[in-house]
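Each chain, written out:
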Amino acid sequence: MWIHTGRAPALDAACQFIEELPDDVECLVVPGAREEIQARVPHAQLADITDETLPCAEVVVVFGGDGTILRAAERALASDIPVLGVNLGHVGFLAELEMSQMPQLVKHVVTGDFVLEHRMTIEVELFTPNTDQSVWKSVAINEVSLEKALRMKMIDCLVSIDRLPVSQWACDGILVSTPTGSTAYAFSAGGPVMWPQLEAYQVVPLSAHALFARPMVLAPDSRVCLELLGEVPGIVCCDGARVVDMTPGSRLEIRRYPHDLMVARLSEQPFTSRLVKKFALPIEGWRGRG
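Since the model is a prediction, treat every value here as computed from it, not as a measurement.

Caption draft 1: Seen up close, the side chain of Asp239. Structurally, Asp239 can be placed in the loop between β17 (234-238) and β18 (242-246). With residues near it in sequence (within four places) discarded, Asp239 still touches Leu70, Arg71, Val139, Ala140, Ile141, Asn142 and Glu143.

Caption draft 2: Local environment of helix α6 (residues 271-278). All of the buried residues along α6 are Phe271, Arg274, Leu275 and Lys278. Along the axis of α6, the buried residues cluster in a sector spanning 100°; they form a single face. Among the structural elements, β5 (83-87), β6 (97-98), β7 (115-119) and β20 (261-265) are those in contact with the buried residues of α6. Two residues or fewer past α6, Ala280 is found with a positive phi of approximately 50°.

Caption draft 3: Layout of the environment of Ala72. Mapped onto the elements, Ala72 comes out in helix α3 (residues 66-77). Of the residues examined, Ala72 reaches a relative accessible area of 1% and is grouped as buried. For the pair Ala72 and Gly85, spaced 13 residues apart in the sequence, the C-alpha separation amounts to 9.5 Å. Ala72 has contacts with Trp2, Val60 and Val62, leaving out every residue within four places of it along the chain.

Caption draft 4: Geometry of the pattern of salt bridges. The tally for this structure, following the rule as stated, stands at 17 salt bridges. Across the pair Asp132 and Arg251 runs a salt bridge, and its minimum N-O distance is 2.9 Å. Of this pair, Asp132 sits in the loop between β8 (122-127) and β9 (134-140) while Arg251 sits in strand β19 (residues 251-256), placing them 119 residues apart in sequence. Given the relative accessible area of 64%, Asp132 is considered exposed. For Arg251, a relative accessible area of 18% puts it in the buried group. Close ionic contact of Arg256 with Glu199 constitutes a salt bridge, the shortest N to O distance being 3.3 Å.

Caption draft 5: Here's a closer look at the sheet that holds strand β11 (residues 155-161). Ordered by their spatial adjacency, six strands build an open sheet running β9-β8-β19-β16-β11-β12, and the pairing between neighbours is antiparallel. Only two strands of the sheet have a single neighbouring strand rather than two, namely β9 and β12 (164-171). In this sheet, neighbouring strand axes are inclined to one another by 20° on average, regardless of whether the strands run parallel or antiparallel. Sheet topology note: the strand β16 (residues 224-229)/β19 ladder contains four bridges and is antiparallel. Bridge assignment links Leu226 to a residue of β19, and that residue is Leu252.

Caption draft 6: Quick look at the nonpolar core. Counting 54 residues, the largest nonpolar core has Met1, Phe17, Ile18, Ile37, Phe63 and Leu105 as its most contacted members. At seven residues, the largest contribution of residues to this core is made by helix α1 (residues 8-19). Val144, Val159, Ile174 and Ile254 belong to the second largest nonpolar core, which has 31 residues in total.

Quick notes on the rules
- Sequence order as written defines the numbering, with residues in each chain counted from 1.
- Local features in this predicted model are restricted to residues whose pLDDT is 70 or higher, and side-chain atom pairs enter the listing and the counts only when it is 80 or higher, whereas totals over whole chains, interfaces and linings include all residues.
- Side-chain metrics in this entry use all non-hydrogen atoms of the structure; hydrogen atoms and water are not considered.
- Secondary structure elements are taken from DSSP: a helix is a run of H or I of four residues or more, a strand is a run of E of two residues or more, and numbering for both begins at the N terminus.
- Throughout, a contact is declared for two residues whenever any of their heavy atoms are within 4.5 Å.
- Buried residues are those whose accessible area, probed at 1.4 Å on protein chains only, stays under 20% of the maximum for their type, while exposed residues exceed 50% and partly exposed ones sit between those limits.
- In this description, one arc is meant: the one made by directions from the helix axis to the C-beta atoms.
- Throughout this description, the term salt bridge denotes a Lys or Arg side-chain nitrogen within 4 Å of a carboxyl oxygen of Asp or Glu.
- At least two DSSP bridges between two strands are required for those strands to pair.
- Each axis is a line fitted through C-alpha atoms, and for a helix only the stretch in contact is used; angles between axes span 0 to 180 degrees, taken between their N-to-C directions.
- Definition used in this section: a nonpolar core is a set of buried Ala, Val, Leu, Ile, Met, Phe, Trp, Tyr and Cys residues joined via side-chain atoms within 4.5 Å.

Right under this line is the structure:
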């Protein structure tokens, strides 16, 4: 169980969930929350989530917003453990349940009665200038961004796909997004919404000073290389959480990660319905509001 430890409603919801679990079910809890939960639910069988205990879990239940779900999913990804989110944030695109639906949760978790959605993820690797030495590696569920480190300057970046140059952009940055991340940062930057079961990913330039600066949707086995030219340093960020500096001359390589994220759903839910609901889309359009 993963909790946004800074939100009291998340802790309350987690305690309610644990209270209703059968006594013979052991619950792994994100470090930092176990002591307080144990004090409120003394009879519960609790243990900390660690690299050793996590692979034994059957499902990771998350109480929080999409950011909390992403943090939990990062840990669950390599062990192929499904993630089931209860939304306590704002939009909650990755979440399965709202708080009003909590009574359904325990039954489905205990019986394993849920449907799995497989979501493509990407792997990111940073190489030092003029070498093949890898200095940083991470995975991303939503997106990786390369952005300028100096507010008053633009970065100069050469984009190559499958080892062939496509375009050189002077820009604020570049995003490489999965379908899951297409409704997040990439959407705000003008990228297309991609249905989550699609096996593809997109490259989205950020405020590029160029005639050709459109988002590009790539095949899942494509490899993207972002080479930082000029003299302005950059910052690489995965899922808005894991950050590393990028010096001029370095290159960032992005490819598909071997493990898909498994999102647990209690029932089949068309993405179209979630899209309309989460973004409050006016289906009738502005001309029909009269």
